[in-house]
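# Close look at the chain arrangement
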Amino acid sequence: MRNILIDCDPGHDDALAIMLALANSDQLKVLGITTVGGNQTLEKVSENVLKVLTVAGKKVPVAKGAAKPLINPLKVAPKAHGDSGMDGPVVDKVTLGYESKNGVEFLKDQILASEQRITVVALGPLTNIALLLKTFPEVKERIACIALMGGSFSSGNATAAAEFNFYIDPHAAYMVFHSGIPIIQAGTEVSQAAGILHSEIGRFLGKGRVSDFVYDLLQFYSRFSKGLNSDRSPVFDACPVMYLLHPEIFTSKDYYVDIELQGEFTAGMSITDKRVWYNMPEPNTTVLLDVDRDKFIQYLTEAIFILDKERKGNRDIKKAE
Ligand code: BDR
Ligand code: CA
C-alpha cells in the first residue's frame with residue numbers, strides 16, 4: 001500500500017486521475033487532495049474536487065493551496081476545460097467542505113505525520129509543491145517520489161516548446177526538478193499515447209452515476225481534440241497515477257531533466273538531456289516514454305466501474321440523494 005497526496009487543478013483529466021486513484025484503494029491510500037490555480041481559478045478547481053468526491057461517494061480531506069504561480073500571472077485554460085474548469089457534468093448537491101489549513105501547510109502536516117514515506121502526485125502547475133519544499137525543507141526526506149504530469153520529451157502544447165503545467169509556473173517546476181527528490185515524469189508524448197478514442201466514450205453511458213459523470217466529462221473534453229481532427233483525447237493526468245498502479249504497461253528511461261526559465265520562445269520547456277557524453281549530470285527523473293494504450297484504457301474503465309459498484313453498495317450516499 002502506498003500513501004499518496006494529490007495536488008491538482010481539475011480539469012477533466014485531473015478528475016479522471018483522482019477517480020483512478022480512489023478506485024484502487026487496495027494499492028493507493030489517498031491521504032488528501034490539495035488544489036492549485038491552473039486550468040481555472042483556485043475557487044473553481046477546488047469546487048471541482050468536491051464535485052468529483054461527491055459523485056464518487058468518497059470523503060477525503062481537501063485543502064486549497066496557491067491561487068497564483070510563484071512569479072508569473074495565472075493564465076487559465078477555458079478552451080480545453082470550459083469556464084468552470086470542468087464543464088460538462090452537472091453536480092448539484094455538494095455538501096463536502098475544505099480543511100481550514102492552507103494546502104501547503106496541509107501537505108507538510110500530512111507528510112510529517114505519515115509513518116511511511118509519501119508519494120506526491122502532482123497534476124497541475126507545481127506552485128504548491130515548490131512552496132512546500134522551500135518553506136518546509138524537512139519534508140524532503142519524507143517524500144519517496146513526486147509522480148507528476150508536466151513537460152515533454154520533444155514538443156510542448158501550451159507553446160511550441162512548453163507543456164501547460166510547466167509553462168504556467170516554470171519557476172516552481174525548476175525548484176521541483178532541482179530538489180533532489182526522485183521524479184516520475186509523464187509528459188505530453190506518453191499522455192498522447194494514453195489517449196481515449198472518441199469511439200470509446202459511449203461505454204460509460206447508462207452504467208451508473210459515476211460512469212454517467214465520466215461520459216459527460218469526456219463528451220465535453222473530447223471537443224478540443226475533435227477540433228484538432230484527432231480521433232482521441234490524451235488523458236494526461238491519469239498517466240502518473242496509472243504508472244504507480246501498473247508500471248509494467250509503460251516504457252520509461254532515466255534522464256537528467258531541467259527547466260528553461262529565460263527563453264523568449266522556450267520559457268517553461270523541460271529539457272531532457274539525451275546525450276551520451278562525458279561528465280553527464282546524474283539522472284533526476286524517470287521519464288515515461290510510451291504506454292500500452294489498450295491496457296491503459298481497460299484499467300481506467302474498470303476503475304470507473306468499480307466506483308459505481310461501490311457507490312451502489314453505499315447506503316449513506318443513497319440516503320443523501
Ligand atoms: C496538463 O494541463 C492541463 O490542462 C491538464 O489538466 C494537464 O494537467 C496537460 O498539459
Ligand atoms: Ca491538471
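Going by the structure above, here's the rest.
Residues numbered from 1 in each chain as written. Chains lettered and ligands numbered in written order. Predicted model: local features only at pLDDT ≥ 70, side-chain atom pairs only at ≥ 80, totals over all residues. Heavy atoms only, no water.

### Examining the coordination of the calcium ion (ligand 2)
- In this structure, Asp9 (OD), Asp14 (OD), Asp14 (OD), Leu123 (O) and Asp237 (OD) serve as the protein donors to the calcium ion (ligand 2), at separations of 2.3 to 2.6 Å.
- Considered as a linear motif, the donors of the calcium ion (ligand 2) on their single chain read D-x4-D-x108-L-x113-D. With a gap of 228 residues between them, Asp9 in the loop between strand E1 (2–8) and helix H1 (12–23) and Asp237 in the loop between strand E8 (232–234) and helix H10 (238–245) connect regions that are remote in the sequence. The pair Asp9 / Asp237 is uniform in exposure class, with both members buried. (Donors = N, O, S within 2.8 Å, 3.2 Å for Na, K, Ca; no water. Helix = DSSP H or I, 4+ residues; strand = E, 2+ residues; numbered from the N terminus. Buried < 20%, exposed > 50% of the residue type's maximum accessible area, 1.4 Å probe, protein only.)

### Things to note about helix H4 (residues 103–113)
- Along H4, the positions that sit buried rather than exposed are Gly103, Val104, Phe106, Leu107, Lys108 and Ile111.
- The opening residue of H4, the one whose side-chain oxygen lies 2.7 Å from the backbone nitrogen of Val104, is Asn102. (Polar contact = N/O pair within 3.5 Å; in protein donor to acceptor, adjacent residues only side chain to side chain.)

### Some words on the packing of aromatic side chains
- What the rule picks out here adds up to 5 aromatic pairs.
- Relative to Phe177, the ring of Phe166 lies with its centre 5.6 Å away and its plane at 75 degrees, an arrangement referred to as edge-to-face. Placement of Phe166 in helix H6 (residues 164–168) and of Phe177 in helix H7 (residues 170–177) is noted, with a sequence separation of 11 residues between them. In terms of burial, Phe166 and Phe177 fall into one category: buried.
- Sitting over the ring of Phe136, Lys108 keeps its end group 4.9 Å from the ring centre.
- Directly above the ring of Phe153 sits Lys274, whose terminal nitrogen or CZ lies 4.4 Å from the centroid. (Phe/Tyr/Trp six-rings, centres within 6.5 Å; stacked < 30°, edge-to-face > 60°. Lys NZ or Arg CZ within 6 Å of the ring centre and 35° of its normal.)

### What to know about the nonpolar core
- Residues Ile6, Met19, Ile33, Phe250 and Phe296 are the most contacted members of the largest nonpolar core, which totals 64 residues.
- Tallying contributions element by element places H1 first for this core, with 9 residues.
- If we skip the residues at most four places from it in the chain, Met19 touches Val52, Val210, Phe213, Val214, Leu217, Ile304 and Leu307.
- Among the nonpolar cores identified, the runner-up in size contains 31 residues, and Leu126, Leu132, Phe136 and Ile146 belong to it. (Core = buried A, V, L, I, M, F, W, Y, C linked by side-chain atoms within 4.5 Å. Contact = heavy atoms within 4.5 Å.)

### Here's the deal with empty space enclosed by the protein
- Considering all chains together, one arrives at 1 cavity of 30 Å³ or more under this definition.
- Approximately 30 Å³ is the volume found for the largest cavity.
- Elements supplying a minimum of two residues to the lining of the largest cavity: strand E6 (183–186) and strand E11 (285–291).
- A per-class count over the lining of the largest cavity returns 4 nonpolar, 3 polar and 1 charged. (1 Å grid on protein atoms, 1.4 Å probe; cavity = no way out; pocket = protein on both sides within 12 Å on 5 of 7 lines; lining within 4 Å. Points joined across faces, edges and corners; volume = space filled by probe spheres on them. Nonpolar A, V, L, I, M, F, W, Y, C, P; charged D, E, K, R; others polar.)

### Let's talk about the site of ligand 1
- Taken together, Asp13, Asp14, Asn39, His81, Leu123, Met149, Asn157, Glu163, Phe164, Asn165, Phe236 and Asp237 form the complete shell of residues around ligand 1.
- The backbone of Leu123 places a nitrogen or oxygen atom 3.0 Å from an oxygen atom of ligand 1.
- Take Asn165: an N or O atom from its side chain is 3.0 Å from an oxygen atom of ligand 1.
- Isolated, ligand 1 exposes 280 Å² of accessible area, and the fraction of that covered by the protein chains is 95%.
- If you map ligand 1 onto the pockets, it falls in the largest pocket.
- Contributing elements (two or more residues each) for the shell around ligand 1: H1 and H6.
- Of the residues contributing to the shell around ligand 1, the split by class is 4 nonpolar, 4 polar and 4 charged. (Near = heavy atom within 4 Å. Areas by Shrake-Rupley, 256 points an atom, 1.4 Å probe, with all protein chains shown as cover. Sits in = over half its atoms within 2 Å of the grid points.)

Nothing here speaks to function; it is geometry throughout.
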